[in-house]
Amino acid sequence: MGGSGPRFYGRRRGKKLRPGRQALIDDLLPRLCVPAEGPVDPAGLFDPVAADVWLEIGFGAGEHLAAQAAARSDIGFIGCEPFVNGVAALLAQIAGQGLENVRILDDDARLLLPRLTDASIGRVYLLYSDPWPKKRHRNRRFVQRETLDDLARVLKPGGLFRFATDHMEHARWALRLAANHPDFKWTASGPRDWRRRWADGFATRYEEKGLAGPDRVYLEFRRR
Ligand SMILES: C[S@@+](CC[C@H](N)C(=O)[O-])C[C@H]1O[C@@H](n2cnc3c(N)ncnc32)[C@H](O)[C@@H]1O
């Protein structure tokens, strides 16, 4: 990424895409892409009109996003992911399952958040985002005061921010920042609420492939 935008530290490319996956990037992605510049009113991205719009940040290979989109055809989904092989994997699921309620920004979510209309998103998922365990790398974590300010602005009152991690220090970091943020309230009333995946949730690839450790934390914050 050039210019004065946020710096992305993850991978943008993995191994060379198979021709079928490359064709999805060339032909299907342009039809599903969120505009790369200018203000974005999420409601205007979906036809027929969606009952609500939910955002997934860092969808990886898109299993969770595709499962949510299949389960909730009334909801419009926006997924942000800079890793092109992951985007191609999601496109394969969209094409294979005939999903019509998914839009994609194949880039850093921090480039989209400031462009979204105020109070336009009903739910945000951030699942197993990179924990950047070294102390000197913590400023690379997605959850920072600034990103929480952006999430608070784009979430509707009562909207949900859901965060999962298997890294306890990362969980404490997110909890400290989000629970102390004036616009968010942690919804848990006991350990059962943060020890188990949400009842309407689906496994991510990270969970399915056993990449996630046994200690998993599911934090949910409600926009005041
Ligand atoms: C550890 S993986 C988890 C992927 C997926 N959520 C899962 O659970 O299987 C984290 C993902 O977040 C993506 N990511 C990191 N920073 C991001 C950002 N600023 N905006 C959007 N995606 C990001 C990475 O490219 C990577 O695919």
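Structure: see above.
The following refers to the structure shown.

## So, helix α3 (residues 84-97)
Then step 1. Between its first and last C-alpha atoms α3 spans 20 Å; for 14 residues at 1.5 Å apiece the expected length is 20 Å, and the two agree.
Then step 2. Taken together, the buried positions of α3 are Val-84, Asn-85, Gly-86, Val-87, Ala-88, Ala-89, Leu-90, Leu-91, Gln-93 and Ile-94.
Then step 3. At its buried positions, α3 is contacted by α1 (19-32), α2 (63-71) and β3 (102-105).
Then step 4. At the C-terminal side of α3, Gly-98 shows a positive phi close to 65 degrees.

## Examining the site of the ligand
Then step 1. Taken together, 17 residues lie near the ligand, and Gly-58, Glu-81, Asp-108, Leu-127 and Thr-204 sit nearest.
Then step 2. The backbone of Ala-109 places a nitrogen or oxygen atom 2.9 Å from a nitrogen atom of the ligand.
Then step 3. At 2.9 Å from an oxygen atom of the ligand is found a main-chain nitrogen or oxygen belonging to Tyr-206.
Then step 4. Breaking the shell around the ligand down by element, the ones donating at least two residues are α4 (109-112) and α8 (205-208).
Then step 5. The residue makeup of the shell around the ligand, split by class, is 9 nonpolar, 3 polar and 5 charged.

## Description of the side chain of His-181
Then step 1. Mapping His-181 onto the fold places it in the loop between α6 (168-179) and β6 (184-186).
Then step 2. The residues touching His-181, leaving out its near neighbours within four places in the chain, are Arg-145, Leu-148, Asp-149 and Ala-152.

## Let's talk about unusual backbone geometry
Then step 1. Cis geometry is adopted by the peptide bond preceding Pro-48, which originates at Asp-47 and carries an omega value of 5 degrees.
Then step 2. For Pro-48, the position within the fold is in the loop between α1 and β1 (52-57).
Then step 3. Within the chain, Ala-119 stands out as a residue other than glycine whose phi angle is a positive 45 degrees.
Then step 4. When you line up the elements, Ala-119 lands in the loop between α4 and β4 (121-127).
Then step 5. At Tyr-128, a position not held by glycine, the phi torsion is positive, near 55 degrees.
Then step 6. Examined against the element boundaries, Tyr-128 turns out to sit in the loop between β4 and α5 (145-154).

Criteria and cut-off values
- Residues numbered from 1 in each chain as written.
- Predicted model: local features only at pLDDT ≥ 70, side-chain atom pairs only at ≥ 80, totals over all residues.
- Heavy atoms only, no water.
- Helix = DSSP H or I, 4+ residues; strand = E, 2+ residues; numbered from the N terminus.
- Expected span 1.5 Å × (residues − 1).
- Buried < 20%, exposed > 50% of the residue type's maximum accessible area, 1.4 Å probe, protein only.
- Contact = heavy atoms within 4.5 Å.
- Near = heavy atom within 4 Å.
- Polar contact = N/O pair within 3.5 Å; in protein donor to acceptor, adjacent residues only side chain to side chain.
- Nonpolar A, V, L, I, M, F, W, Y, C, P; charged D, E, K, R; others polar.

All we've got here are geometric facts, nothing functional implied.
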